[in-house]
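Structural overview for review
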Amino acid sequence: MATQTVAVRRPLAMRAGFIRSAFAILKGLWITNRHFWRNLWGFIIRKPTVFTVQFPEERLVQPNAFRGMPVLVQMDNGKERCVACGLCEWACPTDCITIYPAETADEIERYPRVFDIDMSRCMFCGLCEEACPEEAIVMSQNVEICAYSRRGTLWHKDDLLVPVDKLLDTRLFHVRRGYDR
Amino acid sequence: MADNATILATLQSRFTSGIERSDIYRDDASVTIAPEQLLDVARFARQEASLSFDLLLDVTAVDYLGQQARFEVVHHLYSTKHHHRLRLKTRVLEKEPIVDSVVPVWVGANWLERETFDMYGVRFRGHPDLRRIYMYEEFQGHPLRKDYPKERRQPLIGPGSPQGNYQPAIPEIPGLTHVEGLLGAELMRVQLGPSHPATHGTVRILLDLDGETIVNADVQVGYLHRGFEKECESGFYYQAIPYTDRLNYSSAILCNVGYCMAVEKLFGAEVPPRCQFIRVIGGEIARIADHLLCVGATALELNAFTPFLYALQARELIWDLVNAMCGARVTSNFVRIGGVSADLPAGFADQCRAAFKRLLELVEDTEGLLLENPIFRARMEGVGVMSAERLIEYGVTGPLLRAAGVDLDLRRAQPYLVYDQLDFDVPLGTQGDNMDRFLVRLAEMRQSVRIVEQCLKMIPDGPIDIDDPALRFPGKGRVYGRMEELINQFKLVTEGQKPPPGEVYVGTESANGEIGYFLVSDGTGKPYKCRARTPSFSNTQPLAELVRGRLLADMVPTFDMINMIGGECDR
Amino acid sequence: MPKITIDGREIEAPANAMLLPVALENGVHVPHYCWHAKLSVDGSCRMCQVEIEGSPKLVIACNTPVREGMVVRTQTPAVQNARRGVMELLLVNHPLDCPICDKAGECLLQDYSYAFGSRQTRTKEPRRKLQKRKEIGPRMILDQERCILCRRCVRFCREITHTNELGVFNMGDRSMLDVMEGQPLANDYSINTADICPVGALESKDFHHKLRVWFLKKTPSVCPSCSNGCNITVHHYRDRIWRMMPRRNDAVNESWMCDHGRLNYQQVGDETRLRQPQLRRTAKLQTVAWDEALGYVARTLRDTVRTHGAESVGVIASPHLTNEELFRLGQVVSLLGTKNVDTALVVGQGDNLLIKPEKAANARGARDMGLRPTAGGLNVAAMLEAAAAGKLRVLYILGSDVWKVADPQALCGALEKVGCLIVQDVFDSPLTERAQVVLPSLTWAEKTGTFTNVKGRVQQIHRAVAPRDEQPSDGEIFSRLLNQLGEGQWHFEATAVLEEIASAVPAYAGISFARVGAQGFALPESAGDAA
């Protein structure tokens, strides 16, 4: 297939004319009016066409690929799936994850005694999720990290745990598509 | 287009002694020349008809700490006539890092050399104005030197004044000493920025005004400098991808694609066709978003609020597409070394078509409100004109250059990915004023829509990742249950992809021009040098000349049409 | 000297050498698991197979002696195929433990699988189940599933410690590593088995689940626990020491170190350490600024010497300080003019492998720097006696070893009587309770300098962790004292002080950091130990 060059079409030379200016104004009125009536009609038939979302009362429905803040997957027994292997901590470009591993008597002998994510540094890039060899850290739909102090943006393990079935049809659905590549 | 061997042969036959080394690695021609020959070689490369390297893309340096000739100053050249490239390298000593400035040959070397001086401390003999450009004058040391630790912090105010009694010194504009205006009054010094509502980007422009006429301007960038290159050099190759998002944050995927292509070139690897199509789709969608922002913001800053809303509404549709592809609207982090992070979601083609239908309507409305509008036209037409030759000399690429009628679009000139299979037009301007820049961007959006629609029809089935465990993380399904793949995952994450030693440059057409990545690998998992040649930096440079002699009000549309993206310009 | 060719390179090899070490020494990397430079050849892993011209099959390089004219190839398809096969078999039963295994990141199984393995698993069968987390000794745990049966640890216990605790039991694919019945792996060198284990089968309890090895930064140093001066690498991260590993030095410790020395790093990061100088103005010790404390010390010393003579001052040095610091201390002592100087040295048990009876890294250095009583001077016991008799008015004690050396009753009596007790130490101790001035001291891990081991080998230590609050090193304290006592402008910079030592101490003539290097510098034989 060939590409070719084309010259852009410039508007006709502007003659110092009242008529052209008036025409431009009328055209502008026509366009803005069209938008107005369209939005009004949408409002009347309850299918709003305005794209403004009244956050936080209204929220966008995010696609399942959506990459919010990283969370820890909680297994059915209430414990985290994470075994504190540290790959996410290492892969994180901004060093926002801090893990201190420890030993447990469970079958899998290791667990994160401390698992902190500094959300004020996290940039939601998802490399932790990609590095994880256990499907233990995934991105959630949550993006709200406001806190009254800097300390509040440091999320600890208990804040980060999310039951696995809450993630199944969001991000996990998205990443699991690529598992057998 | 001359092939690399011919270029090198031409140079060698002319300079028998000055050329220390010349080689072709991964299709990149490069010559190492003696420092005293640099200016001659540069002149020859520019003037010789069979070479005619009229576009200086980039000047940077590589710090080979521990070697006697420690700094290697690297120039990347491009010929808009023949569409070929050349890399000029010059080694300078650690003791006396001085090399000739090439500003007499390409005026655009000015800022690039200032940056190299700022970051590496290499001095350029004959440079008209060798100041720091990103760091402040009080900064100690040169941050990109290998012996400057990444962790070192310096106060943002001058040393010795930690209490903050820092008086911002207003630097003198070079070449301007107390010029009197027409009426005998003194010139008025106006600071536009660093945080000005009409500059969507943090930049300070020092203007000297005679009445309303701009006598001189000094553009000061660097307010968004965050050490992109230093960060990249201290992380693994895969860790730099999120940082490339933040170069041009209004078309992040295009920046991802260029970077990953550069790393793949280091490996000599090629991604499968489906992946290439997905990259083109993502990239073109991002390009539309970038142009929409530029068009809308220009309208806004010329007091037209409604078209701005239409453009942003259209951009919202684009963000929804990007969001569905990769899970983030702006900072996509979509492309991976050797692939993409995920396949297109189900029903993406239909979503795209529906979005484009509405998008084109909105673009039409934006255009309809503006193009016939006398105020808009009065502020755009005939403003910010510069000849094509002068723009090339400044190193300007992209829509800006095409608006001046130069047929330079890397997608057409040096097709990469699958652009050679696609049918699209390259819109060119005729007069090179702001109106042409505006029109070129509008036209490019429509071409991008065309490209994406073609891709969606043509995209083949198949893998989206390269089948090479040394590049791409293995599929998670296998990591969870198999030993070799688990080990592979561990080794890739902990040590990174390790390309063979070598250096490559990859230039791709981003929304504002050529974004080029110059990578030097020393065989480890971290790039030894990761340089981003960004279009916004080179495009912003002629601003001072574009507005000189014009009214202050002309500053705004001209700056908007340059579309300086702070993240990309300041890195 | 037979000449052989490896991968097209001509190499001159020592006679009767085996092929593998020759290749490794010449920079040809041949992968291997069971072979270890300091252990006998086992030949069990089959990883080091290479092709030798004229030989019908691949041979293992570790057990093939070099021959004149031998032509070896290490990169041929046959060799690569063999390695791939070996790796696949090793991984067939290896558990998917990388995420929880301490070895991940420095694991040879990972390295070789990535470099030479197939990267594609073909097995679907369940993996062998054996005992995990088996406590086999006070400091070691064993994971039998992870073991690849290279028997390095077995040979270590047989050939180095001669204790024979470990063995491989059963036969064929049921073979497994275990300890002998009723014989736990409790020898003094047991953690070395974790170092030489190429996988994560043997793990030290101390480092178990502590930190991923990728984070660790490594600083070469010397073990501070006895006068053998084993070369070590300090592994640290976030200004904390996480573990210590032996560093090979054939003249000192080969590749080993003892468990006691290895685990003796806790004091560095201890929270109860002394951090600020303290002064007793009233009944209680109060934290004061450095200048004030040192000013007080200098004033006391000067006034005492002036009014009561130099013999009323006693200094007990610590053999844990570096040569450079001790040299500075010597300058302080000679400036004061006292002859009452000695080093308190704890002497305990030694063995015939590495552990030495002198329980301090720089006992020899302290003697060489002249910190021992000269003619007419008092030794530790005599000083305490003199203090008890009221003849010694100021006692400057460095470290707390004197508490273990001296007779407790004599010490208590002396401390009661002495007019001013100055203590410079890392921790609070019964000494600091009685002290007039307490100066905090830095540990070996926060300093750069040299130690001289018992055989007269000068070796470097490097700062691994940064001291908190810019706490000055002991050498810096002595330098400031010298300044306060009124002589010139002294600074403490280890390189410069070592130069001073080179010109002032005859036995150390010509020494410098460059000559000490990574492997140490043996003092000439004539410079015999003064002890």
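Owing to the predicted nature of the structure, the values given are computational and were not obtained by experimental measurement. (Residues numbered from 1 in each chain as written. Chains lettered and ligands numbered in written order. Predicted model: local features only at pLDDT ≥ 70, side-chain atom pairs only at ≥ 80, totals over all residues. Heavy atoms only, no water.)

**Notes on the overall build of chain B**
From N to C terminus, chain B includes 20 helices and 16 strands. By the compact-globule yardstick of 25 Å for 571 residues, chain B fits well, its C-alpha radius of gyration being 24 Å. For chain B, the spread of C-alpha atoms along the principal axes amounts to about 80 × 60 × 60 Å. The burial tally for chain B puts 67% of its 571 residues in the buried class. A separation threshold of at least 6 residues defines the contact pool for chain B, and within that pool the share at least 24 residues apart is 68%. Across chain B, the mean location of the 61 positive side-chain charges is 4 Å away from that of the 76 negative side-chain charges. (Helix = DSSP H or I, 4+ residues; strand = E, 2+ residues; numbered from the N terminus. Rg over C-alpha atoms; globule rule 2.2 N^0.38 Å. Buried < 20%, exposed > 50% of the residue type's maximum accessible area, 1.4 Å probe, protein only. Contact = heavy atoms within 4.5 Å. Lys, Arg positive; Asp, Glu negative; His and termini not counted. Charge placed at Lys NZ, Arg CZ, Asp CG, Glu CD.)

**Some remarks on the overall build of chain C**
Broken down by element type, chain C carries 16 helices and 23 strands. Across its three principal axes, chain C shows a C-alpha extent of roughly 90 × 50 × 40 Å. Considering only contacts within chain C whose residues lie at least 6 apart along the sequence, 66% involve residues at least 24 apart. Of the roughly 22000 Å² that chain C leaves accessible, carbon and sulfur atoms contribute 50%. Across chain C, the mean location of the 64 positive side-chain charges is 4 Å away from that of the 60 negative side-chain charges. (Areas by Shrake-Rupley, 256 points an atom, 1.4 Å probe, with all protein chains shown as cover.)

**Structural notes on the interface of chain A and chain B**
The interface of chain A with chain B comprises 54 residues on the first partner and 73 residues on the second. Contact between chain A and chain B buries roughly 5300 Å² in total, counting both sides, with carbon and sulfur atoms accounting for 55%. The interface formed by chain A and chain B includes 3 salt bridges. Applying the counting rule to chain A against chain B returns 30 residue pairs in polar contact (both at pLDDT 80 or more). At the level of elements, strand 1 (4-7), helix 1 (18-44), helix 2 (87-91), helix 3 (127-131) and helix 6 (171-176) of chain A are the ones that each hand at least two residues to the side of chain A that touches chain B. Taken together, the residues of the side of chain A that touches chain B break down into 28 nonpolar, 12 polar and 14 charged. (Buried area = accessible area lost by both parts, 1.4 Å probe. Salt bridge = Lys/Arg side-chain N within 4 Å of Asp/Glu carboxyl O. Polar contact = N/O pair within 3.5 Å; in protein donor to acceptor, adjacent residues only side chain to side chain. Nonpolar A, V, L, I, M, F, W, Y, C, P; charged D, E, K, R; others polar.)

**With respect to helix 15 (residues 494-504) of chain C**
Residues and elements named next belong to chain C. Restricting attention to buried positions, one finds in helix 15 the residues Ala494, Val497, Leu498, Ile501 and Ala502. One face of helix 15 carries all of its buried residues, which in axial projection span an arc of 150°. Exposed residues pointing more than 90 degrees away from the buried face of helix 15 are listed as Glu499 and Ser503. Tucked inside the fold, the buried residues of helix 15 contact helix 8 (323-336), strand 21 (449-452) and helix 16 (513-516). (Arc of directions from axis to C-beta.)

**With respect to a nonpolar patch on the surface**
Residues and elements named next belong to chain A. On the surface, a cluster of nonpolar side chains totalling about 810 Å² of accessible area is made up of Phe36, Trp37, Leu40, Trp41, Phe43, Ile44 and Ile45. Within the secondary structure layout, Leu40 lies in helix 1. Overall, the relative accessible area of 30% leaves Leu40 in the partly exposed class. (Patch = residues over 30% accessible without salt bridge, like charges linked within 9 Å, V, L, I, M, F, W, Y side chains within 5 Å.)

**Digging into the pairing of strand 2 (residues 70-74) of chain A**
For a regular strand, the rule is simple: side chains alternate between the two faces of the sheet. Residues and elements named next belong to chain A. Most of strand 2 is tucked away: 5 of the 5 residues are buried. Here strand 2 runs beside strand 7 (residues 161-163); their pairing, made up of 3 bridges, is parallel. The residue bridging Gln74 from the neighbouring strand is Pro163, located in strand 7. (Pairing = 2+ DSSP bridges.)

**Structural notes on the interface of chain A and chain C**
Taken residue by residue, the interface counts 21 residues in chain A and 14 residues in chain C. Of the roughly 1500 Å² buried at the junction of chain A and chain C (both faces included), carbon and sulfur atoms supply 55%. The three residues of chain A that bury the most area against chain C are Trp90, Glu109 and Arg110 of chain A, which together make up 41% of that side's buried surface. Our enumeration of links across chain A and chain C arrives at 4 salt bridges. For the salt bridge of Asp102 of chain C with Arg110 of chain A, the shortest nitrogen-to-oxygen distance reads 3.4 Å. Between chain A and chain C we count 8 residue pairs in polar contact (both at pLDDT 80 or more) in total. When residues of the side of chain A that touches chain C are assigned to their parent elements, the largest contribution, 5 residues, is made by strand 3 (residues 97-103) of chain A.

**Regarding the packing of aromatic side chains**
What the rule picks out here adds up to 25 aromatic pairs over all chains. With 5.1 Å between their ring centres and 75° between their planes, Tyr416 of chain B and Tyr419 of chain B make a pair best called edge-to-face. Taken together through their ring pairs, the aromatic side chains of Trp90 of chain A, Phe236, Tyr238, Phe473 and Phe490 of chain B together with Trp214, Phe215 and Tyr237 of chain C make up a single cluster. The positively charged end of Lys526 of chain B is found above the aromatic ring belonging to Phe236 of chain B, 5.3 Å away from the centroid. (Phe/Tyr/Trp six-rings, centres within 6.5 Å; stacked < 30°, edge-to-face > 60°. Lys NZ or Arg CZ within 6 Å of the ring centre and 35° of its normal.)

**Looking at the sheet that holds strand 19 (residues 420-425) of chain C**
Residue and element names in this part refer to chain C. Judged by pairing direction, the sheet is mixed, and its 7 strands sit side by side in the order 15-14-20-19-18-16-17 without closing on themselves. Strands at the two margins of the open sheet, each flanked by one partner only, are strand 15 (285-287) and strand 17 (341-343). Within the sheet, the average angular offset between the axes of one strand and its neighbour, ignoring direction, is 15°. Where helix 14 (residues 474-484) meets the sheet, its contacts fall on strand 18 (394-398), strand 19 and strand 20 (437-440), and the angle it forms with strand 18 comes to roughly 155°. (Axes fitted to C-alpha atoms, helices over the stretch in contact; angles between N-to-C directions.)

**Regarding the confidence of the model for chain B**
Averaged over every residue, the pLDDT of chain B is 86; residues scoring 70 or more account for 94%. Low pLDDT, under 50, characterises residues 160-170 of chain B; the stretch is placed with 9 contacts to residues that sit more than four places away or in other chains. (pLDDT = per-residue confidence, 0-100.)

**A short note on the nonpolar core**
In summary, soluble globular proteins display a tendency toward joint burial of nonpolar side chains. Ranked by size, the top nonpolar core spans 273 residues in total, and within it Ile285 and Ile318 of chain B together with Tyr33 of chain C carry the most contacts. The dominant element in this core, judged by the number of residues it contributes, is helix 7 (residues 273-301) of chain B, at 13 residues. If you look at the next biggest cluster of nonpolar residues, it comprises 48 residues, including Val315, Phe327, Leu336 and Leu371 of chain C. (Core = buried A, V, L, I, M, F, W, Y, C linked by side-chain atoms within 4.5 Å.)

**Overview of the domain arrangement of chain C**
How big an interface is tends to be stated in terms of the accessible area lost upon association of its parts. On domain assignment, one finds that chain C holds domain 1 (3-91) and domain 2 (278-525). For domain 1 of chain C versus domain 2 of chain C, the separation of C-alpha centres amounts to 53 Å. (Domains from an automatic or database assignment.)

**Considering the side chain of Ser255 of chain C**
All names here are of chain C. For Ser255, the location among the structural elements is in the loop between strand 13 (240-246) and helix 6 (259-263). With relative accessibility at 15%, the residue Ser255 sits in the buried group. Filtering out sequence-adjacent residues up to four positions away, Ser255 remains in contact with His36, Lys38, Asn192, Pro246 and Arg248.

**Quick notes on the pattern of salt bridges**
Counting across every chain of the model gives 92 salt bridges over all chains. Asp129 of chain B is paired through a salt bridge with Arg131 of chain B; the nearest N and O atoms lie 2.9 Å apart. The exposure classification of Asp129 of chain B matches that of Arg131 of chain B, with both residues buried. Of the charged contacts, one joins Arg139 of chain C and Asp259 of chain C as a salt bridge, the two residues approaching to 2.6 Å between their closest N and O atoms. Taken together, the positions of Arg139 of chain C in the loop between strand 6 (134-135) and strand 7 (140-142) and Asp259 of chain C in helix 6 put the pair 120 residues apart, joining distant regions of the chain.

**So, the pairing of strand 3 (residues 55-63) of chain B**
All names here are of chain B. With 9 of its 9 residues buried, strand 3 lies for the most part within the structure. Pairing of strand 3 with strand 4 (residues 71-78) involves 8 bridges; the strand directions are antiparallel. Bridge pairing links Asp63 to Phe71 in strand 4.

**Focus on the state of the cysteines**
Residues and elements named next belong to chain B. Inspection of every chain in the model, using the stated rule, returns 0 disulfides over all chains. Unpaired in this structure, Cys294 has its nearest cysteine sulfur neighbour in Cys569, at a distance of 15 Å. Residue classification places Cys294 among the buried positions, given a relative accessible area of 0%. (Disulfide = S-S within 2.5 Å.)

**Let's talk about the environment of Thr298 of chain B**
All names here are of chain B. Within the secondary structure layout, Thr298 lies in helix 7. Taking relative accessible area as the criterion, Thr298 reaches 0% and is therefore assigned buried. Residues Thr298 and Phe308, 10 residues apart in the sequence, show an inter-C-alpha distance of 8.0 Å. The contact partners of Thr298, leaving out residues within four places of it in the chain, are Met380, Asp560 and Met561. Here the side chain of Thr298 touches Cys294 through a polar contact of 2.5 Å, landing on its backbone oxygen.

**A look at the domain arrangement of chain B**
Residues and elements named next belong to chain B. Taken domain by domain, chain B consists of domain 1 (4-125) and domain 2 (228-570). On a C-alpha basis, the centres of domain 1 and domain 2 stand 27 Å from each other. In this assembly, 35 residues from domain 1 lie in contact with 36 residues from domain 2. Across the domain 1/domain 2 interface, buried area totals approximately 2900 Å², and carbon plus sulfur atoms make up 54% of it. Counting the contacts that link domain 1 with domain 2 gives 6 salt bridges. Breaking the side of domain 1 that touches domain 2 down by element, the ones donating at least two residues are strand 3, strand 4, strand 5 (85-92) and helix 3 (109-120). The dominant element in the side of domain 1 that touches domain 2, judged by the number of residues it contributes, is strand 3, at 9 residues. Its residues assigned to classes, the side of domain 1 that touches domain 2 comprises 17 nonpolar, 7 polar and 11 charged.

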